[in-house]
Amino acid sequence: AAGELIAAMYVPALPAFRAQVERRHRAAARDAARAGLLAEIEGRTKRRGAFTQNLQTYMRLAERVVSLYRHAETRAGQISPRDVERLDDASIEYLCMWLALLVMDDRAAAINLRDIEERVAALEREAKTPATGTDLRQLHKARADYLSILERHRRMASRKRALDAAMLSMPDQIEEIYQTIMTAPATENAEVKLEDALAKLRLQEDIEAELAGDLAEAMPGKVSPLPQASARPRHLAAVAGRQST
């Protein structure tokens, strides 16, 4: 009894014990994020063929991550489970990008750009030759609001192209990382190679912030499924290649 009491007092404080608990917590958070994202994606996808194709790509990516977890257990000196978790985080971000693209499609469908441009032109004509009693301040405010909508839409279109390219290239990036690790000699530490490969999975911070905003709007009341900065390096944001401003 005394031994059990001592163990209860000191075992939870051991680094190995804390690391195991934290690892289980991160795994549970990823599983919850996966389930929520896939449910939201399936509900928003209008073309079932596209859903099936992207889902198959994701499942292949997830299989590679599971295989690397097993590899980390048998070759602890070559790659650590924490390194594999970083790739697991990337697989979650693949789903985040997929959902963000669907949200953008919904927003684009709800906006008639030509109609907004015509309203801006009409406001400008009215402001040039205002009728008696016209409130020019309100006209200018309405014009500014319409222009803001057009600007957001154009910015969204640019960001959509960046996310679409990232989503298409990420599976190839993960596959390359997988092959590099699996074919490396058992005595070789793959940490350096892994760091170089992960460095290619990058996203501009402004795009990452907007992506988090899109997900917050798509899944209101839920914690953002994007891996937190404390759980992964800031630069690991699942986009192929370094984006330059």
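The shown structure was predicted, so the numbers you read here are calculated from the model rather than taken from an experiment.

Analysis parameters
- Residues numbered from 1 in each chain as written.
- Predicted model: local features only at pLDDT ≥ 70, side-chain atom pairs only at ≥ 80, totals over all residues.
- Heavy atoms only, no water.
- Helix = DSSP H or I, 4+ residues; strand = E, 2+ residues; numbered from the N terminus.
- Buried < 20%, exposed > 50% of the residue type's maximum accessible area, 1.4 Å probe, protein only.
- Contact = heavy atoms within 4.5 Å.
- Areas by Shrake-Rupley, 256 points an atom, 1.4 Å probe, with all protein chains shown as cover.
- 1 Å grid on protein atoms, 1.4 Å probe; cavity = no way out; pocket = protein on both sides within 12 Å on 5 of 7 lines; lining within 4 Å.
- Points joined across faces, edges and corners; volume = space filled by probe spheres on them.
- Nonpolar A, V, L, I, M, F, W, Y, C, P; charged D, E, K, R; others polar.
- Salt bridge = Lys/Arg side-chain N within 4 Å of Asp/Glu carboxyl O.
- Core = buried A, V, L, I, M, F, W, Y, C linked by side-chain atoms within 4.5 Å.
- Expected span 1.5 Å × (residues − 1).
- Axes fitted to C-alpha atoms, helices over the stretch in contact; angles between N-to-C directions.
- Parallel < 35°, antiparallel > 145°, perpendicular 65-115°, else oblique.
- Left-handed = near helix turned anticlockwise from the far one by under 90°.
- pLDDT = per-residue confidence, 0-100.
- Phe/Tyr/Trp six-rings, centres within 6.5 Å; stacked < 30°, edge-to-face > 60°.
- Arc of directions from axis to C-beta.
- Polar contact = N/O pair within 3.5 Å; in protein donor to acceptor, adjacent residues only side chain to side chain.

Things to note about the overall build of the protein chain
Alright, step 1. Summing up its helical and strand segments, the protein chain has eight helices and zero strands in all.
Alright, step 2. Along its sequence from the N terminus, the protein chain presents helices and strands in the succession α-α-α-α-α-α-α-α.
Alright, step 3. Considering the protein chain as a whole, with its 245 residues, one finds that 36% of them fall into the buried category.
Alright, step 4. Taking the contacts inside the protein chain whose residues are at least 6 apart along the sequence as the reference set, 81% of them involve residues at least 24 apart.
Alright, step 5. For the protein chain, the accessible surface area stands at approximately 14300 Å², while carbon and sulfur atoms represent 55% of it.

Re the layout of surface pockets
Alright, step 1. Considered as a void within the structure, the largest pocket measures approximately 550 Å³ in volume.
Alright, step 2. In terms of lining, the largest pocket is formed by 21 residues, of which the most central are Arg 47, Ala 50, Asn 54, Trp 98 and Leu 102.
Alright, step 3. A per-element tally of the lining of the largest pocket places helix H4 (residues 81–109) first, with seven residues.
Alright, step 4. Partitioned by chemical class, the residues of the lining of the largest pocket number 10 nonpolar, four polar and seven charged.

Some words on the pattern of salt bridges
Alright, step 1. A full pass over the atoms with the stated rule returns 16 salt bridges.
Alright, step 2. Two residues, Asp 145 and Lys 141, come together in a salt bridge whose shortest N-O distance is 3.2 Å. Of this pair, Asp 145 and Lys 141 are both found in helix H6 (residues 136–182), four residues apart, which corresponds to roughly one turn of the helix.
Alright, step 3. Through salt bridges with shared partners, one network takes in Arg 26, Arg 30, Asp 31, Arg 34, Arg 82, Glu 85, Asp 88 and Asp 89.

Focus on the nonpolar core
Most often, soluble globular proteins have nonpolar side chains that are buried together.
Alright, step 1. Of all hydrophobic cores here, the largest spans 40 residues; its most connected members are Leu 87, Tyr 94 and Trp 98.
Alright, step 2. Elements represented by at least two residues in this core include exactly helix H2 (15–44), helix H3 (48–74), H4, H6, helix H7 (191–198) and helix H8 (205–218).
Alright, step 3. Top element by residues in this core is H4. It accounts for 15 residues.
Alright, step 4. Sequence-distant contacts of Tyr 94, defined by excluding residues within four places in its chain, comprise Asn 54, Thr 57, Tyr 58, Leu 61, Met 167, Met 170 and Pro 171.

Topic: H4
Alright, step 1. The end-to-end C-alpha distance of H4 is 43 Å, a good match for the 42 Å that 29 residues give at a rise of 1.5 Å each.
Alright, step 2. Burial of H4 is extensive: 22 of the 29 residues sit out of reach of the surface.

Points about the packing of H3 against H6
Alright, step 1. With their axes 10 Å apart at the nearest point, H3 and H6 run at an angle of 25 degrees to one another. Taken as axis vectors, H3 and H6 run roughly parallel relative to one another. Note on packing geometry: the crossing formed by H3 with H6 is left-handed. Contact with H3, carried on its side by Asn 54, Thr 57, Arg 60, Leu 61, Arg 64, Ser 67, Leu 68 and His 71, involves Met 167, Met 170, Pro 171, Ile 174, Glu 175, Tyr 178, Gln 179, Ile 181 and Met 182 of H6 and no other residues of that element.
Alright, step 2. Residues that form the contact of H3 with H6 fall into these classes: nine nonpolar, five polar and three charged.

So, the confidence of the model for the protein chain
Alright, step 1. Put simply, the protein chain has an average pLDDT of 77, and 74% of its residues get 70 or more.
Alright, step 2. Mean pLDDT values for the elements of the protein chain range from 53 in helix H1 (residues 2–10) up to 91 in helix H5 (residues 113–128).

Quick word on the packing of aromatic side chains
Alright, step 1. Taken as a whole, this structure holds two aromatic pairs when the rule is applied.
Alright, step 2. Both rings, one in Phe 51 and one in Trp 98, keep their centres 5.6 Å apart while their planes meet at 35 degrees; by these two values the pair is tilted. Of this pair, Phe 51 sits in helix H3 while Trp 98 sits in helix H4; the two residues are 47 residues apart in sequence, bridging distant segments of the chain. Exposure class is identical for Phe 51 and Trp 98. Each is buried.

Notes on H5
Alright, step 1. Its 16 residues give H5 an end-to-end C-alpha distance of 23 Å, which sits within 8% of 22 Å, the value for a rise of 1.5 Å per residue.
Alright, step 2. Regarding H5, the residues found buried are Ile 116, Val 120 and Leu 123. Down the axis, H5 shows its buried residues gathered within 65 degrees of arc, on one side only. Exposed side chains of H5 directed beyond 90 degrees from the buried face belong to Arg 114, Arg 125 and Lys 128.
Alright, step 3. With a side-chain oxygen lying 3.2 Å from the backbone nitrogen of Arg 114, the N-terminal cap of H5 falls on Asn 112.

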